[in-house]
Amino acid sequence: MSDIGGVALKFASVSAIYAVIVALMGASLKRHDMLRSAERAAYAVFWLVTVAMIAMLYALLAHDFRLQYVSHVSSRSMSTFYIIAALWGGQEGSMLLWLWILVLYSAIAVRQNRLRNQALMPYVVATLMVTALLFLAMLVLVDDPFQLLPHEPRDGQGLNPLLQNPLMVIHPPNLYLGFVGFSVPFAFAIGALASGRLDTQWIRSIRRWTLIAWLFLTVGILLGGQWAYVELGWGGYWAWDPVENASFMPWLTATAFLHSVMVQEKKGMLKVWNMVLIILTYALSIFGTFLTRSGIIASVHAFAQSSLGPYFLFYLAGVLLVAITLLVKRLPQLRSDHRLESVVSRESSFLFNNLFLVGIMFAVLWGTMFPVISEAVRGVKISVAAPFFNQVNVPLGLGLLLLSGICPLIAWRKASLRNLRRNFLYPLTLSFVVTTFLYSMGIRHVVALISFSICLFVFGTIVLEFYRGIRARKAVSGGNIGHALMALVRRNRRRYGGYIVHFGAVLIFVGITGSSAYQTEKDVVLRLGEKASVGHFVLQYDDFLRKIEATHEAFLVKLTVLQNGAHHATLYPEKRLYFAQNQPTTEVALRTSPFEDLYIILAGFEPSREIALKVFINPLVFWMWMGGLVVVLGTIIAIWPERRPSLPHSQPAEQQGEMTVAQGKNAWQ
Amino acid sequence: MANQYVKLSIGVVIIVASIGYLIFSGATGSTMYFLTVPEIQQKLGMLQGEAVRVAGKVTEDPIDWDVRNLSLGFVMGDEHARIPVRYKGVKPDMFQPGVDVIVEGRIDRDGILTASVLMTSCPSKYQDEKTPPSS
């Protein structure tokens, strides 16, 4: 079975090479049959990689420990759930998953556009298959996932217990779905540049692709943060580690693109800028994969140092060279259709929003690469720590948040004073009043006050927009508020979905502000029966328990938590020792509420049953995860296909570029 | 018209300049030398009191884990170069002899690295060839 997997990957490589060559030849010879052949080859790549995936999955489930990969990441005692997850628990397997998602996306994109975008498609297929080849080359030539061991061990080493967490099971696929998803918009951008079809058609074709990739990446990043929070036990969710940064950078440029593309659709401006953002997003996705796998920057997450680095760098250089050459060649065709009429307008506020996002991206890139840069320039490796990232990104992030309140409401072209007053008077008043109240309640942390005041302002603008929209709907069609709200959102999903995403972002900012400005941290040492107070909680050490489970031995501490003298909760912080890996893990005891999280780690214990605890009180973290859910909800609303009467769309293939709105909307149905 | 572009350019320049300022002022404020253990030993004299970030392996030397004070003492390096480390905080789960760690802190007069940050490699790196020791 495992032989089949390796062979399938080799055939997939040949197929992908064929697809690239035939697609490009078809484009230059204007031969439609060659494009068809290239598309069939792209489907073949998908099926072949699927065979390799099934072979790997089968090997894992059948405990085929002859395979080096299987014996590394799985063991007999693991549940089926985690055995499946072990597919992406190691280097080779996760690259296989990356590749599979890419070829799946490619097949969907080809299928979707079999009648549309025919001038672009040869380049789209070629670009996607070149990306696939990068990973195929690494899997076939460097890191063979089907590598056999000289003799079969009786049992595997098993997946690291820290990874045996449901969050960690869904986090990597989400990140990959996001990362890889940006390959499709990039392929269309290259297609548009190479074919010269630079109207808004291609932008419309990728709108949903971009949003979906963005959604997965957002969810992936949030899940990673939550996993770190509940599993790693250092009390936080984000450490500006190079690997976290690697996922954050393409997210920033993709977010910038999602916004500025609206200016191109509505006004025909910022065309070159949008191309740059798509190219950057793709390049940063590849660069992120490189960062995590090459070991160039010492990261706590990094995979073992491997020989993959040069492959990525050569590829990245090649991609940038081709993309920039194409872009420069097409510059004359990418002129703006309109000119800017006023600085106080939505156009320019979008531009500023983009500057902030790209600025944050650049700061993160600079900080991440600083050791490499300083070594090249000054000969010493100098690294910057989390304070750098916070110092730079907190002001930029707050500026961005402020713009998310201003952007959607300021008028296109030129905002009048009346427009400004109408939209911003109430939100500003709300912000001022509540912030004053917070100040009088004793909140004196300056950055927190600024952050809360901006959050309130943005919240105010969103509520105002919904209020006005609902009032207008009710005036037109009557009905109650609920119906009016539904009708409102349904009529303009992108707009109101966007507002909901912004509201989610506000909640995330509230969570970040509360937990970073007002975190309490305390080390506590207790003997059995003793009490200690942390913040307004009192912890009482009641019992010490020891349990033997199938895979691990557990040491639990029973803590009674009192708040204002009343019983609040009973918590069991825990240490485990996993037998298979001889690996201790710390299970955080977490009591979450909308106000604050009580977060307790059992740092250690003595034979005398004396225990050391590390206790954190993290205010408002709850709202960060809620905000994440709201962002997901808003994005799904924006992505959801709109219901339209079905128009006949049987245009011949040659008429691409004339796609009707209905067809575009149907793309995802 | 042209006037608006001038205004816009001024806005853009202000934003870009302030981002640039934030990056450079931030970068000078929170830097530390990123070194390996042999590099530390070579330059021990000049590094006293400096903020350093050190990557290396935990040696097989005995580990002193004082639960009551949350204080962890160990030695980083290999048979050629070594540096003693004293870390205040919780012992990470992955911490054991032989693992790669990154520590951040300062080197004091006795040549001991007093660390405020101790990070062990993320479990996704779990690709060791040898089977873990069973003790």
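Residues numbered from 1 in each chain as written. Chains lettered and ligands numbered in written order. Predicted model: local features only at pLDDT ≥ 70, side-chain atom pairs only at ≥ 80, totals over all residues.

Caption draft 1: Looking closely at helix 7 (residues 166-181) of chain A. For helix 7 of chain A, with 16 residues, the first-to-last C-alpha span of 23 Å sits near the 22 Å given by 1.5 Å per residue. When we look at burial in helix 7 of chain A, the residues that qualify are Met168(A), Val169(A), His171(A), Pro172(A), Leu175(A), Tyr176(A), Leu177(A), Gly178(A), Phe179(A), Val180(A) and Gly181(A). (Helix = DSSP H or I, 4+ residues; strand = E, 2+ residues; numbered from the N terminus. Expected span 1.5 Å × (residues − 1). Buried ≥ 20, exposed ≤ 12 C-beta atoms within 10 Å, placed from the backbone.)

Caption draft 2: The packing of helix 9 (residues 201-232) of chain A against helix 19 (residues 621-639) of chain A, seen in detail. All names here are of chain A. Here helix 9 crosses helix 19 at 170°, and the two axes come no closer than 10 Å. By the criterion of interaxial angle, the relationship of helix 9 to helix 19 is roughly antiparallel. Here helix 9 runs over helix 19; the crossing is left-handed. Contact residues: Arg 208, Leu 211, Ile 212, Leu 215, Thr 218, Val 219, Leu 222 and Gln 226 in helix 9; Trp 625, Gly 628, Val 631, Val 632, Thr 635, Ala 638 and Ile 639 in helix 19. Grouping the constituent residues of the contact of helix 9 with helix 19 by class yields 10 nonpolar, four polar and one charged. (Axes fitted to C-alpha atoms, helices over the stretch in contact; angles between N-to-C directions. Parallel < 35°, antiparallel > 145°, perpendicular 65-115°, else oblique. Left-handed = near helix turned anticlockwise from the far one by under 90°. Contact = placed C-beta atoms within 7 Å. Nonpolar A, V, L, I, M, F, W, Y, C, P; charged D, E, K, R; others polar.)

Caption draft 3: Representation of helix 16 (residues 446-477) of chain A within the structure. Helix length check: helix 16 of chain A (32 residues) gives 47 Å between terminal C-alpha atoms against 46 Å at 1.5 Å per residue, within 8%. Gly478(A) lies just past helix 16 of chain A and shows a positive phi near 65°.

Caption draft 4: Main features of the pairing of strand 3 (residues 531-534) of chain A. Residue and element names in this part refer to chain A. Bridge count between strand 3 and strand 4 (residues 537-548): four bridges; the pairing is antiparallel. Each bridged residue has a counterpart across the sheet, and for Ser 533 the counterpart in strand 4 is Val 538. Between strand 3 and strand 4, which pair antiparallel in sequence order, lie two residues; one of them, Gly 535, sits at a positive phi of approximately 60°. (Pairing = 2+ DSSP bridges.)

Caption draft 5: Geometry of the sheet that holds strand 6 (residues 100-107) of chain B. The strand order 1(A)-1(B)-2(B)-6(B)-7(B)-5(B)-4(B)-3(B) describes an open sheet built from eight strands, whose pairing is mixed. Looking at the sheet topology across the chains shown, the edges are occupied by strand 1 (382-384) of chain A together with strand 3 (64-66) of chain B. Going from strand to strand, the sheet's axes swing by 35° on average, the running direction of each strand aside. Relative to strand 4 (residues 71-77) of chain B, strand 3 of chain B runs antiparallel, the two being bridged by three bridges. From the neighbouring strand, Trp65(B) faces strand 4 of chain B, where its bridge partner is Leu72(B). Docked against the sheet, helix 13 (residues 346-378) of chain A engages strand 1 of chain A together with strand 1 (31-36) of chain B, running at close to 170° with respect to strand 1 of chain A.

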